[in-house]
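# Overview (structure and organization)
Each chain, written out:
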There are 2 protein chains.
Amino acid sequence: MPRAGLAPAAVIEAGAALADEVGLDNLTMGLLAERVGVRTPSLYKHVDSLDALRRGIGMRAKAEFAVALARAAVGQSGAAAVHAFADAYRAWTLEHPGRYAATVRAPEPGDEEDRQVSDESIQILFDVLTGLGLPESRAIDAARALRSSLHGFASLEAGGAFGLDRDVTESYHFMVDALIAGFTAP
Amino acid sequence: MPRAGLAPAAVIEAGAALADEVGLDNLTMGLLAERVGVRTPSLYKHVDSLDALRRGIGMRAKAEFAVALARAAVGQSGAAAVHAFADAYRAWTLEHPGRYAATVRAPEPGDEEDRQVSDESIQILFDVLTGLGLPESRAIDAARALRSSLHGFASLEAGGAFGLDRDVTESYHFMVDALIAGFTAP
DNA sequence: CTCTCTGGCTAATGCGGTTAGCTTATAGCT
DNA sequence: AGCTATAAGCTAACCGCATTAGCCAGAGAG
């Protein structure tokens, strides 16, 4: 009987791809096993549990997401950097809905590895916002506001909550513009 | 053997309360059955399925949420109305996390009853925003933006994503202020 | 070539949702 | 009050999915 030649990283990667296709909530050990050409129990030789699989997908996704965000914002400054960041944010979530859902889970308390990866995107967000010239005391507020808005928009869009005909991309740009204007207002 | 005297509405209500306690995702037929003092299969005399239960909780919650929002905003106008709306939004979600999670699910296509209840909150949101004197063409954009931001904030806060010490309520007010300023900016 | 380690498999457990089919409390009628 | 039909509850059973136990063989190290 030939081996499938799996490795934990390959299982996580396949899981991430599958999550994008069927949704993180519908990701099942049986489905993933079929995808990688193996029987369900064999997966446990590579991942500890379904929960561990989700954590692995989440950490991998957080790292990929941070790279995409950084690449988009690099070389830009001020409002343009914020827009580039926001556009990359939305594009990535639309392209990788399953991965994105996995990135939303906050790390378990004490999970240093996860916390570190999670902080990467936050750091980029901070860097982008400091380019707006915000006073130090408002940086955290602005970061929370922008993150909430982008996440909420992505979450609602993915859930099909924007029924009206009006162009969704335009609404997105309007929101980001409004936030930038509000951040830098007197 | 005495009857428990259940009714569908009572089951939904108990389910909503239980969802607030354990989280919508952890709401189980067995748990709810125990709560209402009945064996699991007996629940099916009152609700068609777990999914139907969630729909019922969602519709009930949407109606309650709309009432809370309307009550908060009534009699106010302009920015004050928006703040009252936003504060009521956050307070309600913190108080009813399970119910709130149930309100997020978009209605199934063709589910008129659900769609109608879902539209109530949206309508209140529109009414509050028109008080800002927005041009008609921007009303939808602003509604989407505010909803996204409030939902995203609530969602992240519930998920424990705001780790830093900085006061969360202040960040929330900052976000709402920024949006209002941005909406009404030139 | 052999030994060991490890990935893969089958069988089995347990939980959660759901269905089938029986039993009887209770409402409504006479 | 007695009779009956309906419907609420119950037990038994099924199915899907996560997970564990224990066996077997492929592949690399020597």
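Residues numbered from 1 in each chain as written. Chains lettered and ligands numbered in written order. Predicted model: local features only at pLDDT ≥ 70, side-chain atom pairs only at ≥ 80, totals over all residues. Heavy atoms only, no water.

Under an unreviewed UniProt entry, the name given to chain A is DNA-binding transcriptional regulator, AcrR family, and the organism recorded is Paractinoplanes atraurantiacus.

## Comments concerning the overall build of chain A
Across its full length, chain A carries 8 helices and 0 strands. The dimensions of chain A, computed from C-alpha atoms along their principal axes, are 70 × 40 × 30 Å. Every one of the 186 residues in chain A was classed for burial, and the buried ones make up 46%. A sequence separation of at least 24 residues applies to 67% of the contacts in chain A between residues at least 6 apart. Accessible area of chain A: about 9,000 Å², with a carbon and sulfur share of 53%. Side-chain charges in chain A split into 17 positive and 25 negative, and the spacing between the mean points of these groups amounts to 6 Å. (Helix = DSSP H or I, 4+ residues; strand = E, 2+ residues; numbered from the N terminus. Buried < 20%, exposed > 50% of the residue type's maximum accessible area, 1.4 Å probe, protein only. Contact = heavy atoms within 4.5 Å. Areas by Shrake-Rupley, 256 points an atom, 1.4 Å probe, with all protein chains shown as cover. Lys, Arg positive; Asp, Glu negative; His and termini not counted. Charge placed at Lys NZ, Arg CZ, Asp CG, Glu CD.)

## Considerations on the UniProt feature "DNA-binding region" (unreviewed entry) in chain A
Per the UniProt record, the feature "DNA-binding region" (unreviewed entry) sits at residues 28-47 of chain A. Between the C-alpha atoms that bound residues 28-47 of chain A the distance is 13 Å, and the span itself is 40% helix and 0% strand. (UniProt positions renumbered as here; feature names shortened; annotations may be inferred.)

## Quick notes on the relation of the copies chain B and chain A
Superposition of the two copies of the chain requires a rotation about an axis together with a shift along that axis. Take chain B, turn it by 180°, move it 0.0 Å along the axis, and it overlays chain A with an RMSD of 0.0 Å. The two molecules are tied by a two-fold rotation axis, judged by turn and shift. By residue overlap, the copies meet face to face through one surface: 100% of the interface positions of chain B are interface positions in chain A. (Least-squares fit on C-alpha atoms with pLDDT ≥ 70 in both.)

## Describing helix H2 (residues 29-36) of chain B
Residues and elements named next belong to chain B. Buried within H2 are the following residues: Met29, Leu32, Ala33 and Val36. Buried residues in H2, looked at end-on, bunch into an arc of 105°, giving them a common side. Gly37 sits one or two positions beyond H2 and adopts a positive phi of about 75°. (Arc of directions from axis to C-beta.)

## A look at the interface of chain B and chain A
In this complex, chain B contributes 33 residues to the contact, which on the side of chain A involves 33 residues. Taking both partners together, chain B and chain A bury about 3,000 Å²; carbon and sulfur atoms supply 65% of that area. Among the residues of chain B in contact with chain A, Arg144(B), Arg166(B) and Phe174(B) are the three that bury the most area, contributing 24% of the side total. Counting across the interface, chain B meets chain A through 4 salt bridges. Between Asp141(B) and Arg166(A) there is a salt bridge, with its nearest N and O atoms 2.9 Å apart. Counting only elements with at least two residues in the side of chain B that touches chain A, the list comes to helix H7 (136-158) and helix H8 (168-184) of chain B. It is H7(B) that provides the largest number of residues to the side of chain B that touches chain A, a total of 15 residues. (Buried area = accessible area lost by both parts, 1.4 Å probe. Salt bridge = Lys/Arg side-chain N within 4 Å of Asp/Glu carboxyl O.)

## Re the pattern of salt bridges
Pairing is possible between side chains that carry opposite charge, provided their charged atoms lie close to one another. Under the criterion given, the structure shown has 34 salt bridges over all chains. For Arg60(A), the salt bridge is made with Glu64(A), and the minimal N-O distance between the two is 3.6 Å. One end of the pair is Arg60(A) and the other is Glu64(A), both in helix H3 (residues 50-73) and 4 residues apart, which spans about a single turn. The exposure class of Arg60(A) is partly exposed, given its relative accessible area of 31%. Taking the shortest distance from any N to any O, the salt bridge between Arg35(B) and Glu21(B) comes out at 2.7 Å. In this pair, Arg35(B) sits in helix H2 while Glu21(B) sits in helix H1 (residues 8-22), placing the two residues 14 residues apart along the sequence. A cluster of three or more residues bridged by salt bridges with shared partners is formed by Glu13(A), Asp20(A), Arg60(A), Glu64(A) and Arg99(A).

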